[in-house]
Amino acid sequence: EVQLVESGGGLVQAGGSLTLSCAASGSTVEHHAIGWFRQAPGKEREGVSVIRLSDGSTYVEDSVKGRFTISRDNAKSTVYLHMSSLKPEDTAVYYCASEYLYYTGRYYYTGVDGMDYWGTGTPVTVSS
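Treat the numbers as computed from the prediction; the structure is a model and nothing was measured.

Draft legend 1. Looking closely at the packing of aromatic side chains. Counting across every chain of the model gives 5 aromatic pairs. Measuring from ring centre to ring centre gives 6.2 Å for Phe-37 and Tyr-109, while their planes differ by 35°; the resulting arrangement is tilted. With Phe-37 in strand E4 (residues 32-39) and Tyr-109 in the loop between strand E9 (92-100) and strand E10 (117-118), the pair connects residues that are 72 residues apart, well separated along the chain. What makes Tyr-109 partly exposed here is its relative accessible area of 24%. On the basis of an interplanar angle of 80° and a centroid distance of 6.4 Å, the ring pair of Tyr-95 and Trp-118 is categorised as edge-to-face.

Draft legend 2. The pattern of salt bridges, seen in detail. The final tally for this structure, using the stated rule, is 5 salt bridges. Through salt bridges that share partners, Arg-38, Glu-46, Arg-67 and Asp-90 make up one connected network.

Draft legend 3. Spotlight on the sheet that holds strand E7 (residues 68-73). Strand order in this open sheet of 4 strands is E1-E3-E8-E7, and the pairing throughout is antiparallel. Lying at the two open borders of the sheet, with one neighbouring strand each, are strand E1 (3-7) and E7. Each strand of the sheet is rotated relative to its neighbour by a mean of 20°, with strand direction disregarded. In this structure, E1 lies alongside strand E3 (residues 18-25), joined through 5 bridges in antiparallel fashion. Its bridge partner lying in E3, Ser-7 is registered against Ser-21.

Criteria and thresholds
- For every chain, the first residue of its written sequence is number 1, and the numbers climb from 1 along that sequence.
- For this predicted model, a pLDDT threshold of at least 70 governs which residues receive local features, and a threshold of 80 or more governs which side-chain atom pairs are given and counted, while totals over whole chains, interfaces and linings are taken from all residues.
- Processing note: side-chain calculations cover all non-hydrogen atoms of the structure and skip hydrogens and water entirely.
- Within 6.5 Å between ring centres, the rings of Phe, Tyr and Trp (the latter by its six-membered ring) count as paired, and their orientation is classed by plane angle as stacked under 30 degrees, edge-to-face over 60, tilted in between.
- Numbering of helices and strands runs from the N terminus, with a helix taken as a DSSP run of H or I at least four residues long and a strand as a DSSP run of E at least two residues long.
- Throughout this description, buried means an accessible area under 20% of the type-specific maximum (1.4 Å probe, protein chains only), exposed means over 50%, and partly exposed covers the range between.
- Each salt bridge in this description consists of a side-chain nitrogen of Lys or Arg and a carboxyl oxygen of Asp or Glu lying within 4 Å of one another.
- Any two strands with at least two DSSP-identified bridges between them are counted as paired.
- Axis angles are defined between N-to-C directions and span 0 to 180 degrees, where every axis is a line fitted to C-alpha atoms and, for a helix, only to the segment in contact.

Given below as structure tokens:
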């Protein structure tokens, strides 16, 4: 079992920056991909960016490419989401989630339903 705790959400003006943190714990953390998902009111949850801890392979959703960067600190079992040039449409509850990986080849993002463990979320509000 893996436990995930998010932090760093808050209120920011459009064009600003914010960094989210996801602290992971558990005996199998090093075999996981960990990333960020978001859900805006009335919309489905969507993947934002995911990183495989073992080699740093990433998935990045098209709408945030060039603005959001995911990174990892394996010594701290922590994954970060560095967000810049924020837009009002980025407003959502951001969730950290992890997926246990049985393979060592190329990383393939399998979507929301492929994730095994979830944090409780941290809200991000971008004002115009």
